[in-house]
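For reference, the chains in residue letters:
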Amino acid sequence: MKGYIEDKEFGKIYVELRRGMTSVRFAYHADGNLLMRAPLGVSVADLQRIVNAHREQLRQFPRPEGVTFHIGQLIECYKCRVVIESQSRMPGYILNHWEEDTLHLQVHDSADLNDEDIKRTISSVIGRAMEVQAQAVLLPLAHQVADSLGLKPAGFEIGRGMRKLGHCTAKKVIQLSRNLMFMPEELVRYIICHELAHLTHMNHSPEFHALCNQYCGDKEKELERQLRQFRFPILK
């Protein structure tokens, strides 16, 4: 179960209630907001009390840098890149076009790139462009990985999740987020292998992790650690 609570000091705190958890854990979400994982059944009032009890500790918690954009910025993606440039032709517009494997995103030179609304617009434009690109490069990679493991899912689809980067449906269709485009290839392959393991085990049992680890060349724990540390270059 997922949602969020509002806090006067920390703003939006994402909440994940998980069956089987016995304690509360805090981390930072990819967009820079706090993420709180707690046992299933904990009430909103209890969540707020827990935050208050940990407030001093949370103040000392190292906060990751937020998403920033600037003219001349280069964002490396999977098999492509994004370059942020300035333009003076159309105030109020963000222009974009592809040249081979490079997306040129042009922001008017009067725009304040520290403005949250402009950050969200830039993020949205890049996200939509990556969704199209994902169809061209992520899906062939997913088929290649599945073939190398001798697996035949019912199909692959591109989704939009940032917290949910992959999903294997009950009909054995694997959905991969367009936001995998921002990750290094090793993590992209890890997400694909993770979902392919769900073709056999639709859970996160020890058997599932053993199979996923096999698919990942005995690197599941290391890749999961890298995934937890990854920060997206765009806003959710």
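Chemist: Looking at this model, I keep getting lost on unusual backbone geometry. Mind explaining?
Modeler: For residues besides glycine, phi is generally negative; the peptide bonds are generally trans as well. Located in the positive-phi region is Glu 100, a residue other than glycine, with phi close to 55°. Structurally, Glu 100 can be placed in the loop between strand 7 (94-99) and strand 8 (102-108).

Chemist: I keep staring at the environment of Gln 73 and nothing clicks. Help me out?
Modeler: You can see Gln 73 is positioned in the loop between helix 2 (55-59) and strand 5 (74-77). Sequence spacing of Gln 73 and Glu 85 is 12 residues, and the spatial spacing of their C-alpha atoms is 7.7 Å. If sequence neighbours within four positions are ignored, Gln 73 has contacts with Thr 68, Val 82, Val 83 and Ile 84. Only 3.4 Å separates the side chain of Gln 73 from the backbone oxygen of Thr 68, close enough to count as a polar contact. Side-chain polar atoms of Gln 73 contact the backbone nitrogen of His 70, separated by 2.9 Å.

Chemist: Looking at this model, I keep getting lost on the nonpolar core. Mind explaining?
Modeler: In a soluble, globular protein the nonpolar side chains are often hidden away together inside. Core analysis: the biggest nonpolar cluster contains 58 residues, and Phe 69, Ile 126, Met 183 and Leu 196 have the highest contact counts within it. Take this core: its biggest share by element is 13 residues, from helix 3 (residues 116-148). Those residues in contact with Met 183 that sit more than four places away from it in its chain are Tyr 78, Leu 165, Val 188, Leu 227, Phe 230 and Phe 232. In this structure, Ile 13, Ala 38, Ile 50 and Leu 58 belong to the second largest nonpolar core, which totals 14 residues.

Chemist: I'm lost on the side chain of Gln 87 in this one. Help?
Modeler: Among the secondary structure elements, Gln 87 is positioned in strand 6 (residues 80-87). Of the polar contacts made by the side chain of Gln 87, one reaches the backbone nitrogen of Met 90; its length is 2.9 Å. A polar atom in the side chain of Gln 87 sits 3.0 Å from the backbone oxygen of Tyr 93. Those residues in contact with Gln 87, other than ones at most four positions away along the chain, are Tyr 93, Leu 95, Gln 106, Val 107, His 108 and Asp 109.

What counts and what doesn't
- Residues numbered from 1 in each chain as written.
- Predicted model: local features only at pLDDT ≥ 70, side-chain atom pairs only at ≥ 80, totals over all residues.
- Heavy atoms only, no water.
- Helix = DSSP H or I, 4+ residues; strand = E, 2+ residues; numbered from the N terminus.
- Contact = heavy atoms within 4.5 Å.
- Polar contact = N/O pair within 3.5 Å; in protein donor to acceptor, adjacent residues only side chain to side chain.
- Core = buried A, V, L, I, M, F, W, Y, C linked by side-chain atoms within 4.5 Å.
- Buried < 20%, exposed > 50% of the residue type's maximum accessible area, 1.4 Å probe, protein only.

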